[in-house]
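So the chains spell out like this:
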Amino acid sequence: MSVLREALDHQPETKAFWSELAEGRFKLCYCRACERAHWYPRAICPHCASPETEWRAASGQGTIYSYSIARTAAEPFAIAYVTLAEGPTMMTNIVGSDFAEIAIGKPVEIAFGHEAEDGITLPVFRLA
Amino acid sequence: MSINGQAYIVGAYEHPLRKAPDKSLAQLHAEVALGALADAGLSKDDVDGYFCGGDVPGTGPFSMVDYLNLRVRHADSTNIGGASYILHVNHAAQAIAAGKCDVALVTLAGRPRSEGVPKGGLKRTDSPVQPDYAWETPFGMTILNVYAMCAMRHMHEFGTTAEQLAWVKVAASHHAQHNPNAMLRDLVTVDDVLNSTLVADPLHKLDCCIVSDGGGAVVVTRPEIARQLKRPLVKIRGAGEAVKHTAGGAIDLTYSAGRFSGAAAFAEANLTPADVKYASVYDSFTITVIVQLEDLGFCAKGEGGRFVADGNLIAGVGRLPVNTDGGGLCNNHPFNRGGITKIIEAVRQLRGEAHPAVQVANCDIALAHGTGGMLGTRHGGATLIIERE
C-alpha cells in the first residue's frame with residue numbers, strides 16, 4: 001500500500017473529497033454555521049469550530065499565489081499555492097504548462113484526470 | 001511570571017566535528033553534554049533537568065537520560081524542529097524560576113552525513129497520520145521547494161532580488177573563513193551564489209544550508225549557582241515562542257512565527273531591536289534570514305532584502321552582525337537543526353569569546369532566533385534575548 005493510500009485511510013473525514021474528485025467533481029468543504037470555505041478540508045470548521053461542515057461544488061478556478069520549479073527532481077515539476085475563487089489557498093501542482101509560462105497572479109483551472117500512486121486522483125491545476 | 005533575570009546560560013559547547021562516522025548518536029549527545037558542563041565548571045551529577053528535541057534516539061528524554069545516567073526531576077522534549085533548543089532555554093528558565101530544577105541541560109546531535117541522509121531536496125519526515133499529509137506530500141513538497149515558494153512570493157510582493165538573497169550567504173562565508181571547524185570556509189561572492197545551480201526557483205544551491213554531523217549543548221541555571229561559577233555571566237532577559245500554520249487556507253508566505261515570538265521576547269526583556277548588538281538568526285536558506293529579520297523588527301516588512309545587501313550582516317562591516325560562526329549556511333547544521341548553534345554563538349559573543357576577526361565590540365545584548373519546521377506550511381518560532389551582566 002502506498003503511503004498516500006495509507007494517509008487517506010487515516011482520514012475518513014475527507015473520504016468524500018477523493019471519491020468525488022475521481023469522478024471529476026472538485027468539492028470544497030464549507031461550514032454551515034459561518035458559511036466560509038476552508039482548506040485543507042476537515043470535519044470541524046477551523047474558522048468557527050462548528051462541526052456542521054459540508055461538501056459543496058467548487059468552481060475549480062483560481063490564481064497562482066506562489067510557485068517553484070523543483071529542478072533537481074528526476075522529472076522537474078511545478079509546485080504551487082493557488083488561491084481559489086472561493087477564498088482558500090491550497091498547495092498543488094501546475095501541470096501541462098511550460099515552466100516559463102508560470103507566474104504569480106496568473107489564472108488557473110482544475111485539471112482532472114491527474115493520478116498519483118495507486119491511481120488516486122490529485123487536485124492539480126493548469127494555466128487557464 | 002517573567003523569566004527576565006531568573007536564569008543564566010553558564011555552559012555552551014559546539015562539537016568540533018562536522019562528520020562523525022565513528023561515533024553513535026547517543027555518544028554525540030553525551031559528548032556535547034559533557035563539553036557544555038565542563039565549560040560551565042559543573043558535572044553531570046549537578047544536572048537535574050534535561051531538555052531535548054526530536055533528534056534524540058528513542059522516546060523523548062528516556063534513552064539519553066539513561067545513557068548519561070542522570071537523575072532528573074524535570075524533563076521536556078518539546079519538538080518544534082530546528083528551533084526546539086531555543087525554546088528549551090525558555091522552558092528551562094521557566095522551570096528554574098518555578099523551582100522545578102536547578103541545573104538544566106539542553107542537547108542537540110545528529111549524524112545525517114554518516115547515515116547517508118540525502119542533501120538538498122529532503123522529503124518531509126512527517127507521518128501519514130497527520131491531517132495535512134495528503135494535502136501536501138503528493139505534490140512533491142520538499143523542504144527546499146516550500147521555502148522556495150516563500151522566496152518567490154517575497155520577491156513578487158517586495159521586489160526582493162536574487163542578489164539580495166545571495167548577500168546572506170556571502171556574509172556567512174565571510175564569517176566562516178575564520179572558523180577552523182566550519183564545514184565550508186571558502187569566501188563566496190554574490191556571483192558565486194547566482195552562478196550556482198538553480199535548484200528550486202528562485203533558490204540556487206548556495207542559498208541552501210549545509211547538512212552536517214555533530215551537535216551542541218548549553219547549560220542553564222539559577223542566578224545563585226551562576227554567580228558561584230567562574231564563567232562570564234550571561235543572563236536571560238526574555239524569550240518568546242509561537243506556532244504559525246496554514247490558518248484554514250489563509251496562506252501568507254511573507255511572514256513567520258518570529259513576528260509573534262520576537263515581539264513576546266522583546267516585551268519580556270524590555271528591550272527593542274535597536275538594543276541588539278549581535279543576532280543569531282536561523283539560516284536554513286537565505287530567504288529564512290530575510291523574513292525573520294523583518295519579523296523580529298530589525299527592519300520593516302519587505303525591507304529585508306535591502307537590509308541584508310552590501311555586507312550589512314558582516315561583523316566589522318555592517319550594522320547588524322549575524323551568524324558570526326558562519327551559520328547553517330557555512331559552519332554547522334547538525335541533523336538539519338541549527339537551533340543550538342544559534343545560542344552557542346550568541347553566548348560566545350556576549351562572553352567576548354567569538355573569533356577576534358568577528359567579535360562584536362562591547363557586545364552586551366544578543367538575540368538568538370529560530371524557525372523549525374516548514375516556513376511555508378507550519379512551523380515553530382523561538383526567540384531568546386540574552387545579556388552580558
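Residues numbered from 1 in each chain as written. Chains lettered and ligands numbered in written order. Predicted model: local features only at pLDDT ≥ 70, side-chain atom pairs only at ≥ 80, totals over all residues.

**Some words on the overall build of chain B**
Here is the rule: Secondary structure elements follow DSSP: runs of H or I no shorter than four residues count as helices, runs of E no shorter than two count as strands, and numbering proceeds from the N terminus. Put simply, the radius of gyration uses C-alpha atoms, and a globule should come to 2.2 Å times the residue count raised to 0.38. With C-beta atoms placed from the backbone, a residue is labelled by how many other C-beta atoms lie within 10 Å of its own: buried for 20 or more, exposed for 12 or fewer, partly exposed between the two. By definition, residues are in contact whenever their C-beta atoms, placed on the basis of the backbone, come within 7 Å of each other.
When helices and strands are tallied, chain B shows 12 helices and 11 strands. Since a compact globule built from 389 residues should have a radius of gyration of about 21 Å, the 19 Å found for chain B is in line with a globular shape. When the backbone C-alpha atoms are referred to their principal axes, chain B occupies close to 50 × 50 × 40 Å. Counting every position in chain B, which comprises 389 residues, the buried fraction comes to 61%. Restricting the contact set of chain B to residue pairs at least 6 apart, pairs at least 24 apart contribute 77%.

**Things to note about the overall build of chain A**
Across its full length, chain A holds two helices and eight strands. Order of helices (α) and strands (β) in chain A, N terminus to C terminus: α-α-β-β-β-β-β-β-β-β. In terms of overall size, chain A behaves like a compact globule, its C-alpha atoms giving a radius of gyration of 15 Å where 128 residues would be expected to give roughly 14 Å. Over its C-alpha atoms, taken along the principal directions, chain A stretches across nearly 40 × 35 × 25 Å. Burial status across chain A gives 36% buried among its 128 residues. Across chain A, every contact between residues at least 6 apart in sequence was considered, and the portion connecting residues at least 24 apart equals 47%.

**Thoughts on the environment of B:Pro334**
All names here are of chain B. Along the chain, the position of proline 334 falls in the loop between helix H11 (327-331) and helix H12 (339-351). For the pair proline 334 and glycine 216, spaced 118 residues apart in the sequence, the C-alpha separation amounts to 8.6 Å. Sequence-distant contacts of proline 334, that is, excluding residues within four places in its chain, are made with Leu108, Ala109, Gly110, Ser212, Asp213, Gly214 and Gly215.

**As for the packing of helix H8 (residues 258-269) of chain B against helix H9 (residues 286-296) of chain B**
Between two packed helices, what matters for the description is the angle formed by their axes and the separation of those axes. Residue and element names in this part refer to chain B. Stated formally: Working convention: axes come from line fits to C-alpha atoms, limited for helices to the stretch in contact. Angles between N-to-C directions cover 0 to 180 degrees. Reported orientations rely on four angle classes, namely roughly parallel under 35 degrees, roughly antiparallel over 145, roughly perpendicular from 65 to 115, and oblique for the rest. The sense of a crossing depends on the near helix, which, turned anticlockwise from the far helix by less than a right angle, makes the crossing left-handed and, turned clockwise, makes it right-handed. Classification used: nonpolar for Ala, Val, Leu, Ile, Met, Phe, Trp, Tyr, Cys and Pro, charged for Asp, Glu, Lys and Arg, polar for all others including Gly.
Orientation of H8 relative to H9, taken along the N-to-C sense of each, is 40 degrees, at an axis distance of 8 Å. Taken together, H8 and H9 sit at an angle that is classed as oblique. Between H8 and H9 the crossing geometry is right-handed. Across from Gly258, Arg259 and Gly262 in H8, the residues of H9 making contact are Gln292, Asp295 and Leu296. Here the contact of H8 with H9 is composed, by residue class, of one nonpolar, three polar and two charged.

**Comments concerning the interface of chain A and chain B**
Each side of the interface is counted separately: chain A has 35 residues, and chain B has 29 residues. Sorting the residues of the side of chain A that touches chain B by element identifies helix H1 (3-9), strand S4 (61-70), strand S5 (77-84) and strand S6 (89-94) of chain A as the ones contributing at least two each. Broken down by element, the residue count for the side of chain A that touches chain B peaks at six residues, all from S4(A).

**Quick look at the nonpolar core**
Residue and element names in this part refer to chain B. Stated formally: By definition, a nonpolar core groups buried Ala, Val, Leu, Ile, Met, Phe, Trp, Tyr and Cys residues that connect through C-beta atoms lying within 7 Å of each other.
With 162 residues, the main nonpolar core has Val89, Val218 and Ile343 as its most contacted residues. The dominant element in this core, judged by the number of residues it contributes, is helix H4 (residues 143-158), at 10 residues. Sequence-distant contacts of valine 89, defined by excluding residues within four places in its chain, comprise Ile9, Val106, Val218, Val220, Ile236, Ala239, Ile343 and Leu384.

**What to know about the packing of helix H5 (residues 162-176) of chain B against H9(B)**
All names here are of chain B. Packing of H5 against H9 leaves a shortest axis separation of 8 Å and a crossing angle of 100 degrees. For the element pair H5 / H9, the angle class is roughly perpendicular. Between H5, through Leu165, Ala166, Val168 and Lys169, and H9, the contact on the second element is made entirely by Thr286, Ile287, Val289 and Ile290. For the contact of H5 with H9, the class distribution of residues is six nonpolar, one polar and one charged.

**Focus on the confidence of the model for chain B**
Stated formally: Within a predicted model, pLDDT stands for the predictor's per-residue confidence, ranging from 0 to 100.
Per-residue confidence for chain B averages 96 on the pLDDT scale, and 98% of its residues sit at or above 70. Scored by ipTM, the complex comes to 0.97, with pTM at 0.97.

**With respect to the environment of A:Glu115**
Residue and element names in this part refer to chain A. For glutamate 115, the location among the structural elements is in the loop between strand S7 (107-111) and strand S8 (124-127). Sequence separation of glutamate 115 and tryptophan 39 is 76 residues, and the distance between their C-alpha atoms is 20 Å. In this structure glutamate 115 touches Ile120, Thr121 and Leu122, once residues within four positions along its chain are discounted.

**Digging into the sheet that holds strand S3 (residues 53-57) of chain A**
All names here are of chain A. The condition is simple: Paired strands, in this sense, are two strands between which DSSP finds at least two bridges.
The sheet built from three strands is open, its strands ordered S2-S1-S3 with antiparallel pairing. Both edges of this open sheet fall to strand S2 (37-38) and S3, since each of them pairs with a single strand only. As judged from the two bridges shared by strand S1 (residues 27-31) and S2, these two strands associate in the antiparallel manner. By the bridge assignment for S2, cysteine 29 is matched with histidine 38.

**What to know about the sheet that holds strand S7 (residues 214-221) of chain B**
Each strand in a sheet pairs with its neighbour through backbone hydrogen bonds, running either in the same direction (parallel) or in the opposite one (antiparallel). Residue and element names in this part refer to chain B. Ordered in space as S3-S2-S4-S7-S1-S8-S11-S10-S9, the nine strands form an open sheet in which the pairing is mixed. Each end of this open sheet is capped by a strand with a single partner; those strands are strand S3 (74-76) and strand S9 (278-281). When strand polarity is set aside, the average angle formed by the axes of neighbouring strands in this sheet is 20 degrees. Note that strand S1 (residues 8-14) and strand S8 (residues 234-244) share two bridges and pair antiparallel. Note that in S8 the partner of tyrosine 8 across the bridge is lysine 235.

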